[in-house]
Amino acid sequence: MPRALPALVAMLAAALLGACAMAPSREPLQVTVAGIDSLPGEGFEMRMLVRLRVQNPNDAPLDYDGVYLKLDVLDKTFATGVSSERGSVPRYGEAVIGVPVTVSALRMVTNVLGLLDGKPVDKVHYKLEGKLDGPAFGATRFQSQGELALPGN
């Protein structure tokens, strides 16, 4: 019986790998910023509620239990946030998810100083990345990037 155990483990591992290979592939989520609202901050930090529009281009709903978000501006981390929000993004549907984020005063000063290099700036490049934690099989990661036009330009 003990000799059969390694063979049984190998067969189970092969079956699991085969099942993963046969699982349908998922299209990546499309995530954009739907809006930003200010929240009360503390001390040397600024708080905002980032509302994400999450589109699910797949034939199955995406259930989530927790959200993580990181926002980079000018290739530097600007804000991060987490939420214990739960919900579901319907199949071939969309949902708006709110994530409170924190911006430290030091990060804000560093990013503003990066803008003051003497060149006129009319757009700022940003990158958004994060994950929706699933209740059963881990996280679904997402990325998005673009440019924001500055006011007055």
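### Let's talk about the overall build of the chain
Secondary structure summary: the chain contains 2 helices and 7 strands in total. Reading the helices (α) and strands (β) of the chain from amino to carboxyl end gives α-β-β-β-β-β-α-β-β. Across the 153 residues of the chain, 25% fall into the buried class. Sequence-distant contacts, at least 24 apart, represent 60% of the contacts inside the chain between residues at least 6 apart. Carbon and sulfur atoms provide 60% of the accessible area of the chain, an area that totals close to 10,300 Å².

### So, the pattern of salt bridges
Tallied over the full model, the rule gives 6 salt bridges. In this structure, Asp37 and Arg51 form a salt bridge, with 3.1 Å as the shortest nitrogen-oxygen distance. In this pair, Asp37 sits in strand β1 (residues 30–39) while Arg51 sits in strand β2 (residues 45–56), placing the two residues 14 residues apart along the sequence. With relative accessibility at 29%, the residue Arg51 sits in the partly exposed group.

### A short note on the pairing of strand β4 (residues 76–89)
In this sheet, β4 lies alongside strand β3 (residues 62–73) in antiparallel orientation, the contact comprising 11 bridges. Note that in β4 the partner of Asp65 across the bridge is Arg86. Between β3 and the antiparallel strand that follows it, β4, lie 2 residues; Leu74 among them carries a positive phi value of about 55 degrees. Summarising the sheet, β4 and strand β5 (residues 93–104) pair through 2 bridges and their orientation is antiparallel. Within the sheet, the bridge partner assigned to Thr80 lies in β5 and is Thr102. Linkage of β4 to β5, two consecutive antiparallel strands, is achieved through a turn of 3 residues, within which Tyr92 is found at a positive phi near 45 degrees.

### Brief notes about the side chain of Asn58
For Asn58, the position within the fold is in the loop between β2 and β3. Judged by its relative accessible area of 7%, Asn58 falls in the buried class. Here Glu27 takes part through its backbone nitrogen, which lies 2.6 Å from a polar atom of the side chain of Asn58. Ignoring sequence-local partners within four residues, the contact set of Asn58 consists of Arg26, Glu27, Arg91 and Tyr92.

### Overview of the environment of Phe44
Here Phe44 is to be found in the loop between β1 and β2. Placed 59 residues apart in sequence, Phe44 and Val103 show a C-alpha to C-alpha distance of 8.8 Å. If sequence neighbours within four positions are ignored, Phe44 has contacts with Val103, Ser104 and Ala105.

### Focus on the confidence of the model for the chain
Fine structural detail should not be taken from predicted coordinates in areas where pLDDT scores are low. Within the chain, residue pLDDT values average 81, and 71% of them lie at 70 or more. Looking at the elements of the chain, mean pLDDT is at its lowest for helix α1 (residues 4–22), recorded as 54, and at its highest for β5, recorded as 94.

### Looking at unusual backbone geometry
A positive phi angle, near 45 degrees, is found at Tyr92, a position not held by glycine. Along the chain, Tyr92 falls in the loop between β4 and β5. Note on Tyr92: relative accessible area 54%, which makes it exposed.

The rules behind the values
Residues numbered from 1 in each chain as written. Predicted model: local features only at pLDDT ≥ 70, side-chain atom pairs only at ≥ 80, totals over all residues. Heavy atoms only, no water. Helix = DSSP H or I, 4+ residues; strand = E, 2+ residues; numbered from the N terminus. Buried < 20%, exposed > 50% of the residue type's maximum accessible area, 1.4 Å probe, protein only. Contact = heavy atoms within 4.5 Å. Areas by Shrake-Rupley, 256 points an atom, 1.4 Å probe, with all protein chains shown as cover. Salt bridge = Lys/Arg side-chain N within 4 Å of Asp/Glu carboxyl O. Pairing = 2+ DSSP bridges. Polar contact = N/O pair within 3.5 Å; in protein donor to acceptor, adjacent residues only side chain to side chain. pLDDT = per-residue confidence, 0-100.

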